[in-house]
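Remarks on the overall topology
Residues per chain are reported as follows:
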Amino acid sequence: MARRTLIAGNWKMNGLGADGVALARDVAAGASKVAAELLVCPPATLLARVAAALAGSAVAAGGQDCHGKASGAHTGDVSAEMLADAGASYVILGHSERRTDHGESDAMVRAKAEAAWRAGLAAIVCIGETLAEREAGRTLGVLETQLKGSVPAGASAARLVIAYEPVWAIGTGKTPTTAEVDAAHRHIRSVLGGLMSGADAVRILYGGSMKPSNAGELLAIADVDGGLIGGASLKAADFLAIAAAA
Ligand code: PGA
């Protein structure tokens, strides 16, 4: 099953107008040289401007979170419909920083994924173990619980992407070994197989301190179908170098 590599940039809470638009333009300028699909996920305040800057390029725009409801009395929240209206085609859901900072549970992530699909967005559902869970030998079980709780019924490869992000690897410069990533991704695909049909076509991204120097090795793993890139997505040259390594 051929899966097109997806290299997604998670800008997190970084970027003001001029810099964000310039970064998006620089990514778009290099996109024709890479075979991978490219996606940038700016903060919500920049989404419409970044999407406009990317118009006509091969780079897609996405959100970093959405509410489960389409509209209503939810001060400070952004709905999936609003992200789509601003130019998004993807949304990252259940990132570990959302799970930690905002207490997002698997059930909340699942509701958000349903909202994303309702609005026509593809959902990038993030899962990953903490260091304590890994050291206790619980990694694969944790991933299985998160997947079963976070992925709604009716999933398809066109609208679901999974991102495996070990919490202890995010922003730390640490990465699991190739064998550990391989085992996690193979387990994720096998669990997905029990949750949906067509799991072979779902892209499973690795995230956590991916950078130009380690991207080639990580992206060569059979069930690694791309990357979710935080820090290194804030420099167009690094982000494009990761994509070129795919
Ligand atoms: P990082 O972040 O690349 O800075 O480790 C990845 C992520 O949190 O998606």
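Rules and cut-offs
Residues numbered from 1 in each chain as written. Predicted model: local features only at pLDDT ≥ 70, side-chain atom pairs only at ≥ 80, totals over all residues. Heavy atoms only, no water. Phe/Tyr/Trp six-rings, centres within 6.5 Å; stacked < 30°, edge-to-face > 60°. Helix = DSSP H or I, 4+ residues; strand = E, 2+ residues; numbered from the N terminus. Axes fitted to C-alpha atoms, helices over the stretch in contact; angles between N-to-C directions. Parallel < 35°, antiparallel > 145°, perpendicular 65-115°, else oblique. Left-handed = near helix turned anticlockwise from the far one by under 90°. Contact = heavy atoms within 4.5 Å. Buried < 20%, exposed > 50% of the residue type's maximum accessible area, 1.4 Å probe, protein only. Pairing = 2+ DSSP bridges. Right-handed = clockwise from strand over helix to strand, strands pointing away. Core = buried A, V, L, I, M, F, W, Y, C linked by side-chain atoms within 4.5 Å. Near = heavy atom within 4 Å. Polar contact = N/O pair within 3.5 Å; in protein donor to acceptor, adjacent residues only side chain to side chain. Areas by Shrake-Rupley, 256 points an atom, 1.4 Å probe, with all protein chains shown as cover. Nonpolar A, V, L, I, M, F, W, Y, C, P; charged D, E, K, R; others polar. Salt bridge = Lys/Arg side-chain N within 4 Å of Asp/Glu carboxyl O.

This next bit is on the packing of aromatic side chains. Under the counting rule described, the total for this entry stands at one aromatic pair. With 6.2 Å between their ring centres and 65 degrees between their planes, Y164 and Y206 make a pair best called edge-to-face. Placement of the pair is Y164 in strand β6 (residues 160-164) and Y206 in strand β7 (residues 203-207), with a sequence separation of 42 residues.

Another point: the packing of helix α1 (residues 17-30) against helix α2 (residues 47-54). Interaxial distance between α1 and α2 falls to 9 Å at its minimum, and their mutual angle equals 30 degrees. As judged from the angle between their axes, α1 and α2 are roughly parallel. Here α1 runs over α2; the crossing is right-handed. For the pair α1 and α2, the contacting residues are G17, G20, V21, A24, R25 and A28 in the first and R49, V50, A53 and L54 in the second.

Turning our attention to the pairing of strand β1 (residues 6-10). Within β1, five of the five residues are buried, which leaves it mostly tucked inside the rest of the structure. Residues L6, A8 and N10 line one face of β1 and the alternating positions I7 and G9 line the opposite face, and both faces are buried. Alignment of β1 against strand β2 (residues 37-41), held across five bridges, turns out to be parallel. The residue of β2 that forms the bridge with L6 is E37. Handedness of the crossover joining β1 and β2 through α1: right-handed. One ladder, built from four bridges, connects β1 with strand β8 (residues 226-229); its direction is parallel. Residue L6 lies in a different strand from β8, and its bridge partner there is G226.

Turning our attention to the nonpolar core. Generally speaking, a soluble globular protein has its nonpolar side chains buried in company with each other. Formed by 66 residues in total, the largest nonpolar core has its most connected members in I7, L38, L160, I162, I188 and L192. Beyond its immediate stretch of four places on either side in the chain, I162 contacts V125, I127, L147, V151, I188, L192, V202, R203, I204 and L205. Counting residues in hydrophobic clusters, the runner-up holds 14 residues, among them A8, L39, C41 and I92.

Turning next to the site of the ligand. In the neighbourhood of the ligand, 13 residues make up the surrounding shell, with K12, H95, E165, G171 and S209 lying closest. K12 is positioned such that a nitrogen or oxygen atom in its side chain is 2.7 Å from an oxygen atom of the ligand. Contact distances for the ligand include 2.7 Å between an oxygen atom and a backbone N or O atom of S209. Relative to its unbound accessible area of 280 Å², the ligand is 95% covered by the protein chains. For the shell around the ligand, the residue count by class is four nonpolar, seven polar and two charged.

To continue, consider unusual backbone geometry. Phi is positive for K12, close to 55 degrees, though the residue is something other than glycine. The topology assignment puts K12 in the loop between β1 and α1. Given a relative accessible area of 21%, K12 falls into the partly exposed group. The phi dihedral of S209 falls on the positive side, at around 55 degrees, and the residue is not glycine. Within the secondary structure, S209 is located in the loop between β7 and α9 (212-219).

All chains considered together, the criterion is met by 16 salt bridges. Salt-bridge contacts for D65 lead to K112; the nearest nitrogen and oxygen are separated by 2.7 Å. Here K112 lies in helix α5 (residues 106-118) and D65 lies in the loop between β3 (59-63) and α3 (80-85), a separation of 47 residues in the sequence. Taking the shortest distance from any N to any O, the salt bridge between E104 and R98 comes out at 2.9 Å. Linked through salt bridges whose partners overlap, the residues forming this network are R3, R189, D223 and D225.

To summarise the sheet geometry, strands pair through backbone hydrogen bonds and adopt either a parallel or an antiparallel arrangement. Strands sit in the order β1-β2-β3-β4-β5-β6-β7-β8 around a closed barrel of eight strands; the barrel is parallel. The mean inter-strand angle of the sheet, taken between neighbouring strand axes irrespective of direction, is 25 degrees. Note: strand β5 (residues 122-127) against β6, five bridges, orientation parallel. If you follow I124 over to β6, its bridge partner there is V161.

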